[in-house]
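Listed below are the residues making up each chain.
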Amino acid sequence: MVRVVARSASSPSTAVYRACGTRAADNHRSWLTTRWGSSANPGRGLNGVSRKVPVVKALARACYRWRRATLIGWIAALLALAGVVVGVGTAFTDVTDMPDSESATAHSVLAEAGDGQPATTSGNIVWHSTGAAVTSPAVRAEMTALLDRVADVPGVQQVVSPYDTAGVGQLNASANTAYARVVLADGADVEPVKEAAEAASVAGVDVHTGGQAFAEAPAPSHGSEAVGILAALVILLLVFRSMWAALLPIITGVVGVGVSMLVVVLGAHVVDLSATSLTMGALIGLGVGIDYALFIVNRYRKALLKGASVPDAIGQTLDTSGRAVVFAGITVVIALLGMFVVNLGILTGMAQAAAVAVLLTVAAAVTLLPALLGMLGHKVLSRRQRQALAAGTAADDAPGHGRGGPAARWAGLVQRAPWRTSVVALLVLVGLAAPVVGMRVGDADASSDPAGSPSRAYAEVMADGFGAGIDAPLLLVARTPDPASVTAFTGLVSDLETVDGVAAVTAAPVQAGQQVAVATVIPTTSAQAEETADLIAGLRESVIPAAMDGTGLQVYVGGTTATSIDLGDALMGKLPLYLGLVALLGFLLLAVAFRSVLVPLVGALSNLATILVGLGAITAIFQYGFGSSLIGVGDGAPVMYIVPVIIVGVVFGLSMDYQVFLVSRMHEEWTHTRDNARAVRAGLTETGKVIAVAAAIMLSVFASFSFSGERIVSAIGIGLAIAVLIDALVVRLTLIPALMTLIGRRNWAYPRWAERVTPRLSVEGPAGQVGEADNAVAGEPVAAGVQS
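Residues numbered from 1 in each chain as written. Predicted model: local features only at pLDDT ≥ 70, side-chain atom pairs only at ≥ 80, totals over all residues. Heavy atoms only, no water.

Looking only at helices and strands, the chain has 25 helices and 13 strands in total. Looking at the chain as a whole, 54% of its 788 residues qualify as buried. Summed over its atoms, the accessible surface of the chain is roughly 32300 Å², and 60% of this surface lies on carbon and sulfur atoms. (Helix = DSSP H or I, 4+ residues; strand = E, 2+ residues; numbered from the N terminus. Buried < 20%, exposed > 50% of the residue type's maximum accessible area, 1.4 Å probe, protein only. Areas by Shrake-Rupley, 256 points an atom, 1.4 Å probe, with all protein chains shown as cover.)

Right, dumping it as structure tokens:
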């Protein structure tokens, strides 16, 4: 049989690869393809045969040819979006869609009975006298004057003073503490009230503001990401020993995130997004954007050191690592958008913002980066590498290269003792994930804020004077359709005073014909305390049903504290579904990519292990308080209900990234040699160091957000940082190679029936392949060879 093959003078291995049979070649054909041809006959290959080139590779060629236009296009997009944002402003919202729950029903019933009055919010001004008594004429006169000034502030609708009859119960003479309740129109500016309270602090009297109206809204960013970027730059400089090679991933990541954040700001005018969405997008986008560019720059440097021309190196790189980057990015986006299953607006908004950031950083990696590489050429190599290349003695010191390097030695160690290595890795994972068993979700209240902060000072003064539960009121909203239900409600209010965990109960008398009645229950413990959650459960399950029995009375427990607990329960109830969804998704994606059953199964289970490590880390630090004060977020408190879902989605996507980069190189070697041990060794040796470097960069970026001072952002940053580090070092570079060594050739077994129904998707093309299209770009001759 005679087969005509194309052979490039600069890449003799190409002819060997193309002649090795159709099956191996088919394994690398991607459904993402487009027509291409020689420079003499576009759209046709040798002898007029129609050929195909992957879309990513074709895109790289176009960006290389039009590199200046590509760069100008990205800059123009950045400036144009910035101009539009300046013109239209921002439209972020913190409104949270509540899932179906008893607290949501209570809120609806209250709204029905609201008689059309505008929405309001309230907060407290509390003062503690350390000198004269809080009831003394001097203190009373000073604080009454303050409250009069507050009442005149625009937006303030009512001030209830503890010195008036309406404020009975707001003064504790024995503790020398009192507070005034301030009711404001929804959306009113509270800064003038806070400034007036701060100015009223005099010798012997401490004044603080707090409560819902005066709660500090999370800021989009504190600039902490700059620290992570600088750390990433230092790591890249140490690895590449080239300023341009170190700068390219940073530039690509920052441009991609910059454009995406402007898109998110504009998107807030269309969909409900919180300001925290910007921080989430920047956190995830920077981490993956820099990492994706790192993989591409690393592969490009290797191609140059093997003698490829600049356009050939760009084509090879985007045909291999570029495809893996696109696949990994799409995987992350799918995982993020999977958060829609939890059906919570604020959370899906964060997921949308992060997905936009990932998509645009991938776009920057496969368009802007090839253009920049084309402009810089060999400048991405270190000076020693350029000198060696010019002398014809180039040695590849890129991450992971070298038979005697650290990655190769580690691969040998893992393969010599796979059983022991697997056991040690599993013990490490179990130990780090163990705290997740005791994880409790909920809102952290001001009592766990950093010591010395204004919110913590307010909480301590209020708790000392009026009990820990004073700012965690429960609203009992009742439908009272008839006199019998009114009597039952009155009896319930009376009985509540004897219930364990209840500090006080207040309710206005129910008037004749009144259809909705409300009682306020003050618990003895704070909103974040487990005892408060137990109290709510007891009221709903036993106390209230007993009062409603045999009557038309319907009572619902609501309020901010109950809503937070209901949200946490709703999200945690859907978390197992979400975990199962991402595990199944990971299995299917890896099965399509690598045409295997055991490799995807091991990958999916290891992804779950990494997720549990991330959740265990935030439980230990933020719930149990191990080191939480060191990062400025205060004492231990329940984990914010949004955090576990975000950790699950993002960690799944990132761990899939490393799995794809590692196993794609193994699969590439297996396709060529059919030697499992060699494939595992080659994959670990070739990608080990670059995965470790990528993890170090992500660790730097994510950890930098942990010092933002915002508890939710810090929890997500630290959870992701620890999960990524453990995933790279313990899971991908230790456990996976050890297990794949033990499994042997069965790693790559795939049922014939599945082979027939599974679509073909080449994640990473053949190493070192140089096609006629690349030669045409480079102006190199193409020779034809004949093999018998």
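Moving on from the model shown.
The next point concerns the environment of Y292. With respect to the secondary-structure elements, Y292 resides in helix α10 (residues 276-305). A sequence separation of 402 residues divides Y292 from A694, and the C-alpha atoms of the two residues are 8.6 Å apart. Those residues in contact with Y292, other than ones at most four positions away along the chain, are V325, A328, G329, V332, V362, A365, D657 and F661. (Contact = heavy atoms within 4.5 Å.)

Before going further, it helps to spend a moment on the nonpolar core. Residues Y292, L336, I646, Y658, I697 and F702 are the most contacted members of the largest nonpolar core, which totals 155 residues. Each residue touching I646, except ones within four places of it in the same chain, is listed here: M280, M339, L347, M350, V651 and I716. (Core = buried A, V, L, I, M, F, W, Y, C linked by side-chain atoms within 4.5 Å.)

Further remarks concern unusual backbone geometry. Of note, R241 is a non-glycine position whose phi angle comes to about 55°, a positive value. Along the chain, R241 turns up in the loop between α8 (225-240) and α9 (243-267). When its relative accessible area of 56% is taken as the criterion, R241 is described as exposed.

This part covers a nonpolar patch on the surface. On the surface, V424, V428 and L432 cluster together into a nonpolar patch covering about 220 Å² of accessible area. Mapped onto the secondary structure, V424 falls in helix α15 (residues 418-433). Residue class for V424 comes out exposed when judged on its relative accessible area of 52%. (Patch = residues over 30% accessible without salt bridge, like charges linked within 9 Å, V, L, I, M, F, W, Y side chains within 5 Å. Salt bridge = Lys/Arg side-chain N within 4 Å of Asp/Glu carboxyl O.)

Let's shift gears to the pattern of salt bridges. Under the criterion given, the structure shown has 13 salt bridges. Taking the shortest distance from any N to any O, the salt bridge between E460 and R456 comes out at 3.0 Å. Taken together, the positions of E460 and R456, both in helix α16 (residues 454-466) and 4 residues apart, correspond to about one turn of that helix. In this structure R456 comes out as buried when scored by relative accessible area, which is 12%. Between D566 and R540 there is a salt bridge, and its shortest N-O distance comes to 2.8 Å. On the criterion of sequence distance, the pair formed by D566 in helix α19 (residues 560-594) and R540 in helix α18 (residues 530-548) is long-range, its members being 26 residues apart.

Pairing in this open sheet of 4 strands is antiparallel, and the strands run β10-β11-β9-β12 from one edge to the other. Since the sheet does not close on itself, it has two edges, and those belong to β10 (502-507) and β12 (554-558), each with one partner. Sheet twist, expressed as the average angle between the axes of neighbouring strands with direction ignored, equals 20°. With 5 bridges connecting them, β10 and strand β11 (residues 516-523) associate as antiparallel partners. (Pairing = 2+ DSSP bridges. Axes fitted to C-alpha atoms, helices over the stretch in contact; angles between N-to-C directions.)

We now examine the side chain of Q170. Position of Q170 among the secondary structure elements: in the loop between β5 (156-160) and β6 (171-172). On the basis of relative accessible area, Q170 is assigned to the buried category, the value being 7%. One polar contact links the side chain of Q170 to the main-chain carbonyl oxygen of Y179, over a distance of 2.9 Å. (Polar contact = N/O pair within 3.5 Å; in protein donor to acceptor, adjacent residues only side chain to side chain.)

Residues V56, K57, A60, R61, C63 and Y64 constitute the buried set of helix α3 (residues 55-65). Taken down its axis, α3 places every buried residue within 165° of arc, on the same side. (Arc of directions from axis to C-beta.)

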